[in-house]
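So the chains spell out like this:
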Amino acid sequence: LCGVCGILCAISTYLKNRNGFQFVEFRCGHMVRKLLKKEMDMDYFQFEDEKVQRMLRNAEAAYAGNYQGIEGIFHADVEVAIAGIGMILYAVLISGVNPWIVLMMVLFSALQMLSFCYADRYELKHQESKAQLEVTQKYLDQQAYDVAVGKDVRLYQLGNWLSGRYRDANKKYRQLVAKE
């Protein structure tokens, strides 16, 4: 059984890597080249225009957004097929096992599902505060590595204050992540 599972995992890994870009390769290869050529031929003044930048972002999203809709199903079909085969193997395996062991496995699985649901709810509930802490950390990082700001930090002796703010933000962030 372990050998069969190993073979299934190897097939799954091979097919997932092969399947990841196979369905869109012909479309993306042509469109990427065409878009890059257009960007290179474009006047720099025109390239900096906000409307043109938005159009370029939309074009990139159009050819790169291939994980939604019908095409997204093609990317997940290998995982679904392997999961189905795994479920069949699992059913065959537990058909000859004591019913009490099967009941305990189902109860443990239900307990694990409930704990994951609770963790997901906690993560969604604190998603906003986590994002605010990430923005604070990023801002403090930018300030710490900005050469022009370094002079002000030394002049006004803000190094300890900046370090303290950074330490507080990291501590709160670590607490949220640890609870998640």
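Above this note sits the structure.
As the structure is a prediction and not an experimental result, all values here were calculated from the model.

Rules of the game
- Residues numbered from 1 in each chain as written.
- Predicted model: local features only at pLDDT ≥ 70, side-chain atom pairs only at ≥ 80, totals over all residues.
- Heavy atoms only, no water.
- Salt bridge = Lys/Arg side-chain N within 4 Å of Asp/Glu carboxyl O.
- Helix = DSSP H or I, 4+ residues; strand = E, 2+ residues; numbered from the N terminus.
- Buried < 20%, exposed > 50% of the residue type's maximum accessible area, 1.4 Å probe, protein only.
- Contact = heavy atoms within 4.5 Å.
- Expected span 1.5 Å × (residues − 1).
- Arc of directions from axis to C-beta.
- Axes fitted to C-alpha atoms, helices over the stretch in contact; angles between N-to-C directions.
- Parallel < 35°, antiparallel > 145°, perpendicular 65-115°, else oblique.
- Left-handed = near helix turned anticlockwise from the far one by under 90°.
- Patch = residues over 30% accessible without salt bridge, like charges linked within 9 Å, V, L, I, M, F, W, Y side chains within 5 Å.
- Areas by Shrake-Rupley, 256 points an atom, 1.4 Å probe, with all protein chains shown as cover.

1. Quick word on the pattern of salt bridges
If you walk through the whole model with that rule in mind, you get two salt bridges. With a closest N to O distance of 3.0 Å, D41 and K37 form a salt bridge. Within this pair, D41 and its partner K37 are both found in helix α2 (residues 25-41), separated by four residues, close to a single helical turn. In this structure D41 comes out as exposed when scored by relative accessible area, which is 55%.

2. Considering the environment of L133
Following the sequence through the fold, L133 ends up in helix α7 (residues 127-145). Taking the C-alpha atoms as reference, L133 lies 7.9 Å from N170; in sequence the two are 37 residues apart. In contact with L133, not counting residues within four places along its chain, are A169, K172, Y173 and L176.

3. Examining α7
Spanning 19 residues, α7 covers 27 Å between terminal C-alpha atoms, matching the ideal 27 Å at 1.5 Å per step. Every buried residue of α7 is accounted for by K130, L133, Q137, L140 and Q143. Taken around the axis of α7, the buried residues stretch over an arc of 150°, which confines them to a single face. Projecting away from the buried face of α7 at angles above 90 degrees are the exposed residues E128, V135, K138 and Y145.

4. So, the packing of α7 against helix α9 (residues 159-179)
In contact at an axis separation of 10 Å, α7 and α9 are set at 150° when each is read in the N-to-C sense. Regarding the angle of α7 to α9, the classification is roughly antiparallel. Handedness of the α7/α9 crossing: left-handed. Across the interface between the two elements, S129, K130, L133, E134, T136, Q137, L140, D141 and A144 from α7 touch L162, R165, Y166, A169, N170, K172, Y173, L176 and V177 from α9.

5. Details of a nonpolar patch on the surface
Taken together, the side chains of L1, Y90, L93, V97, I101 and M105 present a nonpolar region at the surface, about 490 Å² in accessible area. Of all the secondary structure elements, the ones that give two or more residues to the nonpolar patch are α5 (69-94) and α6 (99-125). Tracing the backbone shows L93 in helix α5.

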